[in-house]
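Remarks on the overall topology
Given next are the chains, with one letter for each unit.
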Amino acid sequence: DVIREWFGLNQLEHQLEKQLGLNKVIVVAGNSLTQPWVKNDLGRSAVQQLKQWAEPNSVVSVAGGTTMEAVAQAMTPHPVLRTLLYVPARGGLGEKVEYQANTICSEMASRSGGQYRLLHVPDQLSKEAYASLLEDEQIKELIRIIRSARIVVHGIGEANTMATRRKASPQMLAKLKERQAVAEAFGYYFDRDGNIVYKIQTVGLRLEDIKQADHIIAVAGGEDKAEAILAFLKHGVHDCLITDEGAARQMLQYI
Ligand code: G3H
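Residues numbered from 1 in each chain as written. Predicted model: local features only at pLDDT ≥ 70, side-chain atom pairs only at ≥ 80, totals over all residues. Heavy atoms only, no water.

It is worth spelling out the packing of helix H3 (residues 38-53) against helix H4 (residues 66-73) at this point. Helix-helix packing: each pair is described by the crossing angle between the helix axes and the interaxial distance. Where H3 meets H4, the closest approach of the two axes is 7 Å, and the angle between their N-to-C directions is 60°. Here H3 is positioned oblique relative to H4, judged by the angle of their axes. As for the relative orientation of H3 and H4, their crossing is right-handed in sense. Across the interface between the two elements, Lys 39, Asn 40, Leu 42, Gly 43, Ala 46 and Val 47 of H3 pack against Thr 66, Thr 67, Ala 70 and Val 71 of H4. Considering only residue class, the contact of H3 with H4 consists of five nonpolar, four polar and one charged. (Axes fitted to C-alpha atoms, helices over the stretch in contact; angles between N-to-C directions. Helix = DSSP H or I, 4+ residues; strand = E, 2+ residues; numbered from the N terminus. Parallel < 35°, antiparallel > 145°, perpendicular 65-115°, else oblique. Left-handed = near helix turned anticlockwise from the far one by under 90°. Contact = heavy atoms within 4.5 Å. Nonpolar A, V, L, I, M, F, W, Y, C, P; charged D, E, K, R; others polar.)

Following this line, the structure appears as structure tokens:
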């Protein structure tokens, strides 16, 4: 705590809580853009928060990405965490297997001793295939469980970085640029004012379902993500932000 005080981390947290209207902000030391190990600290903080907030036997819905992968790596056996059911927030978004929400939730469950369910949805679905998938009883039941999650844990990405990583078509990249997308979370893209400007067609959690959760834990750091984090938070579905000093200081410059 003395070290946190020394680096002014507590002060950064209070400042961001006030300015962004968040219930809780945790700032870890460093900048994950230039210091990749800082992502592990973000992961550890997210797990600590999960331990504090999780109700036994409840559902936790988790998104994908490299930050969420760090969260999964930080999971340890724990009396409450092992009673939880981990489910992916949304189906395929075009990510590599190791960063898919399915992979992350199975890893979180196996490291903590909990249960998990997987959502098998192909990445590129036609409207017709999507509609018939939604008729499937097992998928319907799983979507119901996903939407009943008490806690949602997710990353936030910079729009262009995410679209490129997911090998978006040139048409989609052009559309995101034209609509001035700057942030991405759960396969939704947002402009600077927090408006949804594009969403990937898949099943699972809709942004309106997230509001039903008791807690929403956003985990995102690195000074290059400052603008994206602010844009996503402007959309209005937020509660707790776990970030690093690099992103925190940059955000305060933008506000
Ligand atoms: O869905 C992915 C997130 O938006 C960001 O991913 O943690 O790898 O930057 P990341």
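Anyway, onward from the coordinates.
Another point: the site of the ligand. Taken together, the neighbourhood of the ligand is formed by Gly 64, Gly 65, Thr 66, Thr 67, Gly 155, Ile 156, Gly 157, Met 162, Arg 165, Arg 166, Glu 184 and Lys 225. Between the ligand and the protein, one listed contact pairs an oxygen atom with a side-chain N or O atom of Thr 67 at 2.5 Å. Measuring from an oxygen atom of the ligand, one finds a side-chain N or O atom of Lys 225 at 2.6 Å. Expressed as a share of its isolated accessible area of 300 Å², the protein-covered part of the ligand is 95%. Every element with two or more residues in the shell around the ligand is listed here: H4 and helix H8 (159-165). Looking at side-chain class alone, the shell around the ligand contains two nonpolar, six polar and four charged residues. (Near = heavy atom within 4 Å. Polar contact = N/O pair within 3.5 Å; in protein donor to acceptor, adjacent residues only side chain to side chain. Areas by Shrake-Rupley, 256 points an atom, 1.4 Å probe, with all protein chains shown as cover.)

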